[in-house]
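# Descriptive structure summary
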Amino acid sequence: MASQKHIQLIRWAVIIISFIIVASILWNTYDFFQKFKNEERAKMEILAGAYERFSTADLNADFSLEDKIIGKNHNIPMIITNENDSITDWANLDSIKSLKENYIIKQLDVMKNQNDPILVSHNKGNVKQLIYYRDSDLLTKLKYYPVALILILFLFASVIYLFFKSNKVAEQNKLWTGMAKETAHQIGTPLSSLLGWIEILRLENVDENTVTEIEKDVTRLNTIAERFSKIGSNPVLKKHNIVEATRNSFLYLQSRSSKQIEFKFKSLNEDIPIQLNIQLYSWVIENLVKNAIDAMEGKGKISLSIIEYDNDVSILITDNGKGISKNLQQKIFTPGFTTKKRGWGLGLSLAKRIIEDYHNGKIAVQKSEIGKGTTFIISLKK
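Residues numbered from 1 in each chain as written. Predicted model: local features only at pLDDT ≥ 70, side-chain atom pairs only at ≥ 80, totals over all residues. Heavy atoms only, no water.

One way to put it is that helix α6 (residues 242-255) packs onto helix α7 (residues 278-296) with a least axis distance of 9 Å and a crossing angle of 45 degrees. Between α6 and α7, the angle falls in the class oblique. Crossing angle aside, the handedness with which α6 passes α7 is right-handed. Mapping the contact onto sequence places Ile242, Ala245, Thr246, Ser249, Phe250 and Leu253 in α6 and Ile278, Tyr281, Ser282, Ile285, Glu286, Val289 and Lys290 in α7. Partitioning the contact of α6 with α7 into residue classes produces 8 nonpolar, 3 polar and 2 charged. (Axes fitted to C-alpha atoms, helices over the stretch in contact; angles between N-to-C directions. Helix = DSSP H or I, 4+ residues; strand = E, 2+ residues; numbered from the N terminus. Parallel < 35°, antiparallel > 145°, perpendicular 65-115°, else oblique. Left-handed = near helix turned anticlockwise from the far one by under 90°. Contact = heavy atoms within 4.5 Å. Nonpolar A, V, L, I, M, F, W, Y, C, P; charged D, E, K, R; others polar.)

Here you go:
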């Protein structure tokens, strides 16, 4: 408990220090931006002075300094206008774009919004011009630097968050895998004992039908234990008759469901060998059939059809339950998504993983209509 508080204090300290560092960088950037902007203003005022001296000085005067000042301005875009706001000259604008209509006028509007104009007087104030200018490309880039910095920090923080989150999920998965395997191990002991009791019941001449049904339930418990033991490991696929495997799961649920539900199984071919993990495949069939039973609320019809093609096999499970709306058909395979009041939302996501990841097949809602029912389809390669 104490160590967890210590970790939390360190975490908050790191967050506060990071915030102070970011705030410091942003403030220094803003301060540098303002100084750089003031320097550009000063340069433009010197430039305006050079223009003004050209018009007022004696023709025999030395203009080399003014000429140098004007010639050195290569990076600050500017437009010169007369008193009536008519453009007389411009510099450092895109020469190709300037050929387009209204480009210079639009640039003038940008300059008016960015900076105050500088007045240039000629002939002792009789003629006046205005120099408009906008921020240089370097200053513009500097202006957006804090935004880029914040985005980089945000992305960096997101990567760290996702890293820790994935580590946490991995730890949780490892814990659940360990619990599943331990559950399977613990179930094994009473299962062995139950198998012994079944043999005793047979020796005691108990009705064979009763013993057989008990044996089926014990076998199912053994199958469930095997499923739990396989969690976290790659399942082994072996050739099995998919018709027999599907029928066994289907009939098991039929015998333990409401008599108001009509079960129908159909397959034209009785022997279709497919590479399967029998325990995991039966889990999928049972999940889909149970979902169909829930959708019909204990009364209706369920049909399961197996159709063989040249290269693959399709298993269709159809019910006449309440159906699934179109906007939910893509979400139902998402882990944690459920429409039931009491449900974990894991059944269909596990079914999708078993079919698509382990068996290289496909599972989907083939069709569904509200109030009429749903058909799920599983496709497996032969």
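More follows now that the structure is in view.
The subject of this paragraph is α6. Taking 1.5 Å of rise per residue, the 14 residues of α6 would be expected to cover 20 Å, and the 20 Å separating its terminal C-alpha atoms lies within 8% of that figure. Of the residues making up α6, those classed as buried are Ile242, Val243, Ala245, Thr246, Ser249, Phe250, Tyr252 and Leu253. Structurally, the start of α6 carries an N-cap: the backbone nitrogen of valine 243 is 3.1 Å from a side-chain oxygen of asparagine 241. (Expected span 1.5 Å × (residues − 1). Buried < 20%, exposed > 50% of the residue type's maximum accessible area, 1.4 Å probe, protein only. Polar contact = N/O pair within 3.5 Å; in protein donor to acceptor, adjacent residues only side chain to side chain.)

Let us look at the environment of lysine 239. Looking at the element boundaries, lysine 239 is found in strand β5 (residues 238-241). Spatially, the C-alpha atoms of lysine 239 and leucine 276 are 6.1 Å apart, while their sequence positions differ by 37 residues. Among residues more than four places away in sequence, those in contact with lysine 239 are Pro273, Ile274 and Gln275.

Ranked by internal contacts, the top residues of the largest apolar core, which has 39 residues, are Ile242, Tyr281, Val289, Ile302, Ile315, Ile378 and Leu380. For this core, the leading source of residues is α7, giving 10 residues. Contact partners of valine 289, with chain neighbours within four places excluded, come to Phe250, Leu253, Phe263, Ile302 and Ile317. Listed in part, the 10 residues of the second largest apolar core include Met44, Met78, Ile118 and Val120. (Core = buried A, V, L, I, M, F, W, Y, C linked by side-chain atoms within 4.5 Å.)

Take the pattern of salt bridges next. The tally for this structure, following the rule as stated, stands at 14 salt bridges. Residue lysine 112 pairs with aspartate 85 through a salt bridge whose shortest N-O separation is 2.5 Å. You can see lysine 112 sitting in helix α3 (residues 103-114) and its partner aspartate 85 sitting in the loop between β1 (78-82) and β2 (87-91), a full 27 residues away along the chain. Note that lysine 352 and glutamate 356 form a salt bridge whose closest N and O atoms lie 3.1 Å from each other. Of this pair, lysine 352 and glutamate 356 both sit in helix α8 (residues 347-358), 4 residues apart, which is roughly one turn of that helix. (Salt bridge = Lys/Arg side-chain N within 4 Å of Asp/Glu carboxyl O.)

On to the pairing of strand β10 (residues 362-369). Alignment of β10 against strand β11 (residues 373-381), held across 7 bridges, turns out to be antiparallel. By the bridge assignment, valine 365 is partnered in β11 with phenylalanine 376. In textbook terms, the turn of a hairpin is the stretch between consecutive antiparallel strands, and for β10 and β11 this stretch comprises 3 residues, one of which, glycine 371, has a positive phi near 85 degrees. (Pairing = 2+ DSSP bridges.)

Bringing the side chain of glutamate 40 into the picture now. In this fold, glutamate 40 is placed in helix α1 (residues 2-56). Lysine 43 provides the closest opposite charge to the buried, unpaired glutamate 40, separated from it by 6.3 Å. For glutamate 40, the residues in contact, after removing those within four places along its chain, are Ile76, Asp135, Ser136 and Leu139. (Lys, Arg positive; Asp, Glu negative; His and termini not counted.)

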